[in-house]
Amino acid sequence: MSLVDARRAAGAELDRDPWPTVWLRRAITLNATFLMLALAVATAWLWIPLAAAVDLVMRGRCTLRCGLFLTWYLVCEAAGIVAAFGLWARALARGRSGPGGPKHQVDLFRLQGVWSGALLHGAQRIFGFRIRAEGAEHVDRPMLLMLRHASVADTLLAAELISRPHRIHLRYVLKRELLWDPCLDLVGNRLPNYFVRRDSNESSREIEGVTALMRDLAPHEGVLIYPEGTRFTPAKREQVLKRLREGGHTELARRAERLRHTLPPRLGGTLALLDANPGLDVVFAVHTGFEGTTSFWEIWNGALRNADVRVKFWRIAASDVPVEREERVEWLFENWEAMERWLRDQAAPKGEL
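This text gives an overview of the structure that appears in the document. (Residues numbered from 1 in each chain as written. Predicted model: local features only at pLDDT ≥ 70, side-chain atom pairs only at ≥ 80, totals over all residues. Heavy atoms only, no water.)

1. Some remarks on the state of the cysteines
Applying the stated criterion across every chain yields a total of zero disulfides. Here Cys 62 is not disulfide-linked; the sulfur of Cys 66 is the nearest cysteine sulfur, at 5.9 Å. Of the residues examined, Cys 62 reaches a relative accessible area of 0% and is grouped as buried. Here Cys 76 is not disulfide-linked; the sulfur of Cys 183 is the nearest cysteine sulfur, at 8.3 Å. (Disulfide = S-S within 2.5 Å. Buried < 20%, exposed > 50% of the residue type's maximum accessible area, 1.4 Å probe, protein only.)

2. A closer look at the packing of aromatic side chains
Following the criterion strictly, the structure yields eight aromatic pairs and no others. When the ring of Phe 129 is compared with that of Phe 290, the centres are 5.8 Å apart and the planes differ by 80 degrees; the resulting orientation is edge-to-face. With Phe 129 in the loop between α5 (102–127) and β1 (130–134) and Phe 290 in the loop between β6 (282–288) and α12 (296–300), this pair connects stretches of sequence that are 161 residues apart. Using a relative accessible area of 4% as the deciding quantity, one classes Phe 129 as buried. For Phe 290, a relative accessible area of 0% translates into the label buried. In textbook terms, an aromatic cluster arises when at least three aromatic residues are bridged by ring pairs, as seen for Phe 284, Trp 314, Trp 331 and Trp 336. Note that Arg 61 overlies the ring of Trp 300, its terminal NZ or CZ placed 5.2 Å from the centroid. (Phe/Tyr/Trp six-rings, centres within 6.5 Å; stacked < 30°, edge-to-face > 60°. Helix = DSSP H or I, 4+ residues; strand = E, 2+ residues; numbered from the N terminus. Lys NZ or Arg CZ within 6 Å of the ring centre and 35° of its normal.)

3. What to know about the sheet that holds β1
Across the sheet, which stays open at both edges, the seven strands sit in the order β1-β7-β6-β2-β5-β3-β4 with mixed pairing between neighbours. Sheet topology places β1 and β4 (194–196) at the edges, where each strand pairs with a single neighbour. Averaged over all adjacent pairs, the angle separating strand axes in this sheet is 20 degrees, with direction ignored. Contacts between helix α8 (residues 203–211) and the sheet are confined to β3 (169–175) and β4, with β4 contributing the most and set at about 155 degrees to the helix. (Pairing = 2+ DSSP bridges. Axes fitted to C-alpha atoms, helices over the stretch in contact; angles between N-to-C directions. Contact = heavy atoms within 4.5 Å.)

This is the structure we're talking about:
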């Protein structure tokens, strides 16, 4: 399948921004990336010793690490932008199989994997955190992946633990705000992903775009969704519970109250993907270690330093997924409650397990 066909199959044509909006956004983000990188490098002689001094005075802070990671992030962004334009130029030189062709699509998937891996490995080296995966045998073939969302950092886990080692191309359901990341805009927006408008008044249109990701999947492709829709925080949990109660969803609110470490899965896009599933097994992924990294201040306070990030996968055959809606909702919450139990066990002192 060509890139153009894949984007059409993924419903990308349903919600493209107007070209003036795209070019304005890119003019801002691309120029800002190179300007900030040049500034960070040019002033490194000043901010590095200052940041180190702050960390010496304020024990436990990660000022220097944050500065180094921000610089590394800008390096990865700049390199990704240059590589994306290089791949575009090479695709043009191919003629008939140019931009939008299958070779270009494969190149973009590879670039996405290299960029994600470089960003994650750089963060690991700077902050010293470790990643341990349990159930890795469940992610060596295509799947519909339902991943817990606790931090921006967990968006890199699937690329590192699934796509890169097993060469599985995942189609992502992502929030539209991420298009302000220039690499995701230039590369991720040219692959069969769908960037959801979370505040859209046309939920049916958004669901159509999400479910279209299931169409015409190649044998080496899968789909990833974050069913919670946003990162977990206690405040967001209370907001979700309030919305369910005020909306008259008493039973869902009751089930959601049992979830202390995760947000309840949003049913619209998640159930729609299950309805459109052509036969992929479903893999659930839960992780711990990124909970305290939902903001810059938490990272600056040391939440990510030497963290132990643990991930667990489990796989459910497509034939074992319930067919009826009510049974699917029950099944989905049962798996989310399994995440809760695992998270609770990871947090408990060893003597209490």
